[in-house]
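Per-entry structural report
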Amino acid sequence: MSAEIHDVIIVGTGPAGLGAAYELVEARPSLKILMVDKGSICSGGLRNDCKQNYTFPIGFAENYWSKGEAEELLEKVENHLQPKILPTSHLETYQQRAARIGVEIVAVRQAHVGTDQSKKLIHRLLARLEELGVVIRLRTEVSDISETDRDAAIVIDGKEIRGRKLIVAPGRKGFSFLQEIMEKMGITYVDNIVDVGVRLETQQERYPIVADYYDPKIYFPDNVRTFCTNSGHARVIREKYQDFYLINGHALSRQQAGNNLVNVALLKTIHLKDPVRSGQQMAVYLGRLANEIGGGKPLMQRVGDFRMGKRSKEETFNRDLYDFPPTCRVTAGDLGLAVPARIMRHLWTAMKKLDSIVPGILHPSTIMYYPEIKMYANKPVFRDDYCRVTRHLYMIGDGAGTSRGITGA
Ligand SMILES: Cc1cc2nc3c(=O)[nH]c(=O)nc-3n(C[C@H](O)[C@H](O)[C@H](O)COP(=O)(O)OP(=O)(O)OC[C@H]3O[C@@H](n4cnc5c(N)ncnc54)[C@H](O)[C@@H]3O)c2cc1C
């Protein structure tokens, strides 16, 4: 009996894997393609919140893509995802206010699906691929990868499945999987960037810009920027990473009743230089420290307490003292103990600037959650423009550092 062999195997059904599959099957319908994912549905942002940005460079790793290339690809992405682009208003007024204090607001074409609706979109994308002849195996984890002169192979439950070409797109949660493969196969990589920040949660009336611009992209001095703003029915969540929790946020679609809250991350990008080389290691140390101080959970502090230099307490989070309860009950405490001083100073300066552009965000009730940390990939050294890392192996998407958002992936 001959061994199972495919023309192309794609690991990961996130946007990077889906994009690769569509591109290949549309260019050459006869290709025998197998897609594998360990989840029952892809687990990244396409499933969670699903905000789509259609303006370069949002979501792209700028060192890999030119504006022209990105725009050509974004047109294809738009054809597949069929977004409903959200309107913006009063942008110039905000932009002028921002420019006066050295801040830039970038106008971005955006769409938002919402966590409650995203499954339908994913099922539609997968069903279409199956109609085109792609074989999709979900709930199937790839434990290893190998390569010969002729082809490559994935290992599932101890059994090898061979492919003439292998595309690996395991996303951010697949960092360590990719790292192990790169080390085993002698592929050189760098990992020298990390984003560290807080997520702010406040009443929508204190951050009204979201009515004019769904996810405002605001760039402050010191490499600080806003990221992933959620409104409508918005919630802050904690996500498990290794043995600790990080903070994130999402929103339900507009079909759901609103809770009048907004959450937005403020992130500082840190470029590490010798001798500190690993952004992921730094993220792990910072994340563990915050969770240690929080008794196994992330931290939250009201802006009012932070300004007065005192820790928040459990009772600071009731409606009597302030006007809304947190959507993510983590440990009330003092961010100053957990966030490195320079990072905190730059975030606080950005918050003050943000308050002059959109007055209200520094209301004493605003909650600062920490740690929101975005790890970048272990970026492999690519052999060509198609993200090839060895003879038959390709690495793409957020896990390989070629993207930073759904549309870019
Ligand atoms: C909670 C959350 C919310 C986000 N919200 C947004 C948003 O609103 N807008 C936006 O633009 N970006 C968002 N992002 C970022 C976005 O998810 C990524 O930029 C994008 O999904 C990257 O695509 P990808 O295909 O590289 O990886 P992913 O989408 O992460 O897909 C990787 C897939 O590979 C699978 N996989 C991993 N390892 C294995 C293995 N060993 N075997 C088999 N399968 C494996 C995973 O199960 C996963 O389904 C969010 C990310 C998270 C975590």
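The rules behind each value
- Residues numbered from 1 in each chain as written.
- Predicted model: local features only at pLDDT ≥ 70, side-chain atom pairs only at ≥ 80, totals over all residues.
- Buried ≥ 20, exposed ≤ 12 C-beta atoms within 10 Å, placed from the backbone.
- Helix = DSSP H or I, 4+ residues; strand = E, 2+ residues; numbered from the N terminus.
- Pairing = 2+ DSSP bridges.
- Contact = placed C-beta atoms within 7 Å.
- Domains from an automatic or database assignment.
- Core = buried A, V, L, I, M, F, W, Y, C linked by C-beta atoms within 7 Å.

1. Regarding the pairing of strand β11 (residues 193–203)
Across the 11 residues that make up β11, a large majority, 9, are buried. Strand direction decides the pairing type here: β11 and strand β16 (residues 261–271), joined by 11 bridges, are antiparallel. Residue Thr-202 lies in a different strand from β16, and its bridge partner there is Val-262. Where β11 meets strand β19 (residues 367–375), 7 bridges bridge the pair, whose relative direction is antiparallel. Bridge pairing in β19 links Arg-199 to Tyr-369.

2. Comments concerning the environment of Ile-145
Here Ile-145 lies in strand β7 (residues 144–147). Placed 21 residues apart in sequence, Ile-145 and Leu-166 show a C-alpha to C-alpha distance of 9.1 Å. Not counting residues within four places of it along the chain, the set of residues in contact with Ile-145 comprises Ala-152, Ile-154, Leu-166, Val-168 and Ile-181.

3. Remarks on the domain arrangement of the protein
Partitioning the protein into domains gives domain 1 (4–86 + 113–190 + 378–400) and domain 2 (193–374). Averaged C-alpha coordinates put domain 1 and domain 2 at centres separated by 30 Å. Facing the 11 residues of domain 1 at the interface are 11 residues of domain 2.

4. A few points about the environment of Lys-84
Locating Lys-84 in the fold gives a position in the loop between α2 (67–81) and α3 (91–100). Its 10 C-beta neighbours within 10 Å are what place Lys-84 among the exposed residues. Lys-84 sits 28 residues away from His-112 along the chain, and the two C-alpha atoms are 7.7 Å apart.

5. Examining the nonpolar core
Ile-10, Val-168, Met-368, Tyr-369 and Tyr-370 are the most contacted members of the largest nonpolar core, which totals 107 residues. Counting only domains with at least three residues in this core, you end up with domain 1 (4–86 + 113–190 + 378–400) and domain 2 (193–374). What Tyr-370 contacts, discounting residues up to four positions off in sequence, is Val-198, Ile-247, Ala-290, Pro-298, Leu-299, Leu-335, Ala-338 and Val-339.

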